[in-house]
Amino acid sequence: MSEETTRHLVTLVVNGVVREAAVPARRLLSDFLRHDLGLTGTHVGCEHGVCGACTVLLDGEPVRSCLTFAVTVDGHEITTVEGLARDGEPSPVQRAFTECHGLQCGFCTPGFLCTVTAFLRDNPAPTEEEALEAVSGNLCRCTGYQNIIKAVHRAAEIQAETQVRPGDREGRA
């Protein structure tokens, strides 16, 4: 069997669902998600890891799916843009991007949403400089970034507003 026809069984959790597929050793995670699993929200832009459009969360950390082989994520958890919403409701980051018009054509948006989701988990009250640094690895050719940075700060506000306080079971909405 040639390297192209040899397949490797990959089992992972994608957006909370256990998925299993046999993939060639050189199948990129972006292609696996889009073509094998039908999750087309992950976009492929530059195919060199520069633009950030293909960013997904691997065990909660942002990675470039166009630089990651699918076989290397066996046994791990992936969250794509399709997995950010909860119970049919947009995540705070998705809400903020909508409210602040942090997107235009939308091609880069899935990568920004995943990047910002991880960033705000680790830094829930970022400064302007921290927000700029956080999104500096994602390219957008439409917005000029002002509304993206506004969306980062708005998402932080939304998350703070909906945090569960001691004594609250449901949190504040």
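Residues numbered from 1 in each chain as written. Predicted model: local features only at pLDDT ≥ 70, side-chain atom pairs only at ≥ 80, totals over all residues. Heavy atoms only, no water.

By the naming in an unreviewed UniProt entry, the chain goes by (2Fe-2S)-binding protein and is assigned to Microtetraspora fusca.

### Brief notes about the nonpolar core
Counting 26 residues, the largest nonpolar core has V93, F97, F112, V116, L120, V135 and V152 as the members making the most contacts within it. Broken down by secondary-structure element, the contributors of at least two residues to this core are α2 (92–99), α3 (109–122), α4 (128–135) and α5 (146–162). With sequence-adjacent residues up to four places away left out, F112 is seen in contact with F97, V135, N138, L139, C140, Y145 and I148. (Core = buried A, V, L, I, M, F, W, Y, C linked by side-chain atoms within 4.5 Å. Buried < 20%, exposed > 50% of the residue type's maximum accessible area, 1.4 Å probe, protein only. Helix = DSSP H or I, 4+ residues; strand = E, 2+ residues; numbered from the N terminus. Contact = heavy atoms within 4.5 Å.)

### Topic: unusual backbone geometry
The backbone phi angle of D87 is positive, close to 55°, even though this residue is not glycine. Residues other than glycine seldom take positive phi values, yet H101 does so here, at roughly 55°. As for its position among the elements, H101 is in the loop between α2 and α3.

### Some words on α3
In a regular helix each residue adds 1.5 Å, so 14 residues correspond to 20 Å; α3 covers 20 Å between its end C-alpha atoms and thus fits that length. Here α3 lies mainly inside the structure; eleven of its 14 residues are buried. Inspection of α3 places T109, P110, G111, F112, L113, C114, T115, V116, A118, F119 and L120 among the buried residues, and these make up the whole buried set. For α3, the elements touching its buried residues are β3 (55–58), β4 (61–64), β5 (77–79), α2, α4 and α5. (Expected span 1.5 Å × (residues − 1).)

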